[in-house]
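Coordinates in review
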Amino acid sequence: MSSSQTRFLLLYGSQRGQAKAIAEEIAVKASDHGFAAEVSCLSEEEKYNLERERSPVVIVVSTTGDGEPPDTAINFVKKIKTKTLCSVHFAHLHYALLGLGDSNYSNFCNCGKTIDKRLGELGAQQFYASGYADDGVGLELVVEPWIEGLWDALRKFVTSAMSTSQKDTNNHVGDHNAKNEMRTIESAVTDLNLHLLSLDESSSKDESGGSCNIVAEGEVLEASLTRSVSPLSESSLNVPALPAPFLDVELLNELQQDPTLLKPPETAHQVVITSAKQLTREDAVKTTLLLEMDISETPLVYEPGDSFDLLCPNNNSEVEELLLRLGILEKKHHIVKLQVKPDTKRKVSRLPLYIPEHSSLQYIFMWCLEIRAIPKKAFLRSLVEYTTNEHEKRRLQELCSKQGFADYNHFIRNPSLSILDLLCAFPSCMPTLSVILEHLPKLQPRSYSAASSIYSNPGRVHIVFNIVEFPPCPERPALRKGVCTGWLSNLVLPILQHSGGQMMLPEIQDASNVLPKVYICSRPSSAFHLPSDTAAPIIMVGPGTGISPFIGFLQHRKKQREEHPDVSFGETWLFFGCRHKDRDFIFRDELGRFQAEGTLTHLRVSFSRDQDDSTEEVKPKYVQDNLRLNAQDVVRVLFKENGYIYICGDAKNMAKNVHEELIDIFSRELQIDKLEAMKVIADLREKKRYLQDIWS
Ligand code: FAD
């Protein structure tokens, strides 16, 4: 830290690296603004001491699961929640907080909000209004203006703190100044939000054709990924600062390495896919597959409700296409040597831990990098430096600029473009390998809920998934499959055979050499499990593949009932939904059997596309419609009988709709207003009787 720089403490709590990356970005930018950030993870308790901290503190923290803190923030949250702490415990502390979350989940930014609230209760004061960024619409919408406003807030705070300590006379005046300060900062954030709002409005106009510009008689020019129209095309631009390069990359000798062989982390276990089945009919809109994996040779165990992380590679031909476009395809077997640039200006610069030493170029692109990640604006800014065509250069500058915010969302973020898509659209852009490695994030494993019980299937776990497909769009003309589900389907679909009306893996003697193998890690759930009291009734809401954990629940219950005939078991309700009764009603036969022998007491199924317009009768279309039709039972189970409700599946629409329906049901049936009904849900949540396992 230079003596002219003012120190502040920067803490982050990250699950998948987003909060950490943003904290690092803040640290890098700090020095440009005359500040020095001392960065620590919230879990590195030996590195900071909030009880004694007198410098401003900036906290960046994400939220995971159903509103839980990321693993690295769990202890911190627990500590500040200690009931014995008094109301002035943090009276000396001045902080600013940036929470990251996803509004598709009902407990949006819960961890950030909890920390914020608790610090306030313990006397800490904000020197800058909290920002809550929403991954559902794009974190950068809040993150960028929040960081932009941070420097002014820090400067004002430091100046005011210095003058207060100099005067050290009238506390009331100081309080007044601090309040004014807070107001100024809040209004700055409001201004920024308004600014974003007006841009947003202009972007929605864009979508309805408002960005078209008449350039010549009869000729209408529309904006596209590679072309802008007025006013953006004529606007002066505020582009982000060029990220300082920090990696030196060298390609060494060739390595005879099989790129398909993963160097797995210690926590991963290789397992054989022993069985695969297509659960949907050929004419269903989505193809659903069930895979059975043999975990008997591993120490892995699970309870119904737990999930597994599956390590998957990127698509080989997409990797080859990208390497070809970067002009390094013929070097794909070369070993990549990475070093941090000795003279880098980037403050927090270290080698990416997810790229193992002595890996080949092809291996790194297949197993280590999320090559489909949507390029961030900082990445676009770097690409500008490697683009020779002036029009392309200008367009990339626009797309990463403040003024081009709506175009970035419309042409890059919404269609989920990848770096390869961008390089195809901007042919004169030829970035170096180091730029690519600096900007592409870690390839994340994909999680799948266990769709089985280990008690009914010893040594086995089942997972169920839809093959994700992204339709072509103007910016990406070819259909693309999801990274993991596309890979899994390529592994098993070619060897599935017709058997008894179903597509299944053939029975093979000594199959372990022939059958596909994958690496998995366990991902236990903290609360999404059957109640320990078997007499407690449960309601399960799981349309589509959201039914997965409930199949595990029911298999488990069936086994318990068989083994303990004297024990009392509560009612079990399942609300399932799909498009067509005959095409994608997955587990239909198994559910029928559970019903017949009494494990499943009530099954309610809705078919969203089997509606018969010729009759007056309105059939339930979605799971929430069936919840409404059974409102009295839902209320009875939850409130008279202290039952549990579990919701699993799509976070974008279903979980929100179910949540809203439950608010309606509770307010109607319990005769309370909506706010009270929301409190009732919050209370159920707190008691772990309203549980969600949702994904987008
Ligand atoms: P990806 O390639 O990762 O793409 C999926 C997402 O990326 C899309 O939803 C979209 O947001 C974005 N995206 C990428 N490219 C595009 C594009 N071109 N256009 C639009 N959007 C794009 N899934 C199940 O099916 N069954 C389960 O039991 C299950 N359990 C889960 C449990 C947990 C705890 C979690 C967190 C998730 C679970 N999921 C489950 C979701 C699963 O992990 C994967 O996200 C899903 O299978 C898709 O993975 P993928 O690699 O095939 O798709």
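Please read all numbers here as calculations on a predicted model, not as lab measurements. (Residues numbered from 1 in each chain as written. Predicted model: local features only at pLDDT ≥ 70, side-chain atom pairs only at ≥ 80, totals over all residues. Heavy atoms only, no water.)

**Let's talk about the site of the ligand**
Near the ligand you find 24 residues, and of these Arg446, Ser447, Tyr448, Cys484 and Thr485 are the closest. The separation between an oxygen atom of the ligand and a polar side-chain atom of arginine 446 is 2.8 Å. Tyrosine 448 places a polar side-chain atom, nitrogen or oxygen, 2.7 Å from an oxygen atom of the ligand. Summarising the interface, the protein chains cover 78% of the accessible area of the ligand, which totals 970 Å² for the free molecule. Counting only elements with at least two residues in the shell around the ligand, the list comes to β14 (446-449), β15 (460-466), α13 (483-492) and β25 (690-695). The greatest single-element share of the shell around the ligand, amounting to 4 residues, is contributed by β14. Classifying every residue of the shell around the ligand gives 9 nonpolar, 10 polar and 5 charged. (Near = heavy atom within 4 Å. Polar contact = N/O pair within 3.5 Å; in protein donor to acceptor, adjacent residues only side chain to side chain. Areas by Shrake-Rupley, 256 points an atom, 1.4 Å probe, with all protein chains shown as cover. Helix = DSSP H or I, 4+ residues; strand = E, 2+ residues; numbered from the N terminus. Nonpolar A, V, L, I, M, F, W, Y, C, P; charged D, E, K, R; others polar.)

**Remarks on the pairing of β15**
Most of β15 is tucked away: 6 of the 7 residues are buried. Direction of pairing for strand β11 (residues 288-294) relative to β15: antiparallel, over a ladder of 7 bridges. Paired with aspartate 294 across the bridge in β15 is arginine 460. (Buried < 20%, exposed > 50% of the residue type's maximum accessible area, 1.4 Å probe, protein only. Pairing = 2+ DSSP bridges.)

**As for the packing of aromatic side chains**
One pass over the structure, following the stated rule, counts 18 aromatic pairs. Their ring planes at 10 degrees and their centres at 6.0 Å tell us that tryptophan 573 and phenylalanine 575 sit as a pair that is stacked. Accessibility classification places tryptophan 573 together with phenylalanine 575 in one group, the buried group. Ring-pair connections join several aromatic residues into one group, and the members of that group are Phe528, Phe550, Phe553, Tyr644 and Tyr646. If you follow lysine 113 out to its NZ or CZ, it ends over the ring of tyrosine 132, 5.6 Å from the centre. Positioned above the aromatic ring of tyrosine 408, the side-chain terminus of lysine 377 is 5.0 Å from the ring centre. (Phe/Tyr/Trp six-rings, centres within 6.5 Å; stacked < 30°, edge-to-face > 60°. Lys NZ or Arg CZ within 6 Å of the ring centre and 35° of its normal.)

**Some points on the sheet that holds strand β22 (residues 572-578)**
Strand order in the open sheet formed by 5 strands is β23-β22-β21-β24-β25, and the pairing between neighbours is parallel. Where the open sheet ends on each side, the last strands, each with one partner, are β23 (602-607) and β25. Strand-to-strand twist in this sheet, taken as the mean axis angle between neighbours without regard to direction, amounts to 10 degrees. Bridging between strand β24 (residues 644-650) and β25 involves 6 bridges; their strand directions are parallel. (Axes fitted to C-alpha atoms, helices over the stretch in contact; angles between N-to-C directions.)

**A look at the nonpolar core**
Membership of the largest hydrophobic core comes to 49 residues, with the highest contact counts inside it found for Phe365, Leu369, Leu380 and Leu437. It is helix α7 (residues 361-368) that contributes the most residues to this core, 7 residues altogether. Residues within four places of leucine 369 in sequence aside, it is in contact with Asn314, Tyr354, Ile355, Ile364, Leu437, Leu440, Pro441 and Leu443. (Core = buried A, V, L, I, M, F, W, Y, C linked by side-chain atoms within 4.5 Å. Contact = heavy atoms within 4.5 Å.)

**As for the side chain of glutamine 555**
With respect to the element layout, glutamine 555 can be found in helix α14 (residues 548-563). The exposure class assigned to glutamine 555 is buried, which follows from its relative accessible area of 8%. Among all residues touching glutamine 555, those that are not within four sequence positions of it are Ala451, Ser452, Ser453, Ser456, Asn457, Glu590 and Phe594.

**Considering the pattern of salt bridges**
Tallied over the entire structure, the rule returns 35 salt bridges. A salt bridge links lysine 332 to glutamate 320, with the nearest nitrogen and oxygen atoms 2.7 Å apart. Of this pair, lysine 332 sits in the loop between α6 (316-325) and β13 (334-340) while glutamate 320 sits in helix α6, and the two are 12 residues apart along the sequence. By relative accessible area, which is 19% here, lysine 332 ends up buried. One salt bridge connects glutamate 562 with lysine 558, and the closest N-O pair in it is separated by 3.2 Å. (Salt bridge = Lys/Arg side-chain N within 4 Å of Asp/Glu carboxyl O.)

**A short note on α6**
Taken as a whole, α6 has its buried residues at Glu318, Val319, Leu322, Leu323 and Arg325. Buried residues in α6, looked at end-on, bunch into an arc of 160 degrees, giving them a common side. Seen from the buried face of α6, the exposed residues on the opposite side, beyond 90 degrees, are Ser317 and Leu324. Tucked into the core, α6 has its buried residues touching α7, α11 (419-425) and β17 (480-481). Following α6 by one or two positions, glycine 327 has its phi on the positive side, about 75 degrees. (Arc of directions from axis to C-beta.)

**Here's the deal with the confidence of the model for the chain**
Averaged over the chain, the pLDDT score is 87; the fraction of residues at 70 or greater is 88%. Under a pLDDT of 50 for its full length, residues 168-217 has, in the predicted model, 44 contacts with residues more than four places off or in other chains. (pLDDT = per-residue confidence, 0-100.)

**Remarks on the packing of helix α8 (residues 377-384) against helix α9 (residues 390-400)**
Taken N-terminus to C-terminus, the directions of α8 and α9 make an angle of 160 degrees; their axes are 9 Å apart at the nearest point. Between α8 and α9, the angle is such that the two are roughly antiparallel. In the packing of α8 onto α9, the handedness of the crossing is left-handed. When α8 is examined against α9, the residues Lys377, Leu380, Arg381, Leu383 and Val384 are found in contact with a partner set consisting of Lys393, Leu396, Gln397, Leu399 and Cys400. In terms of residue class, the contact of α8 with α9 is made up of 6 nonpolar, 1 polar and 3 charged. (Parallel < 35°, antiparallel > 145°, perpendicular 65-115°, else oblique. Left-handed = near helix turned anticlockwise from the far one by under 90°.)

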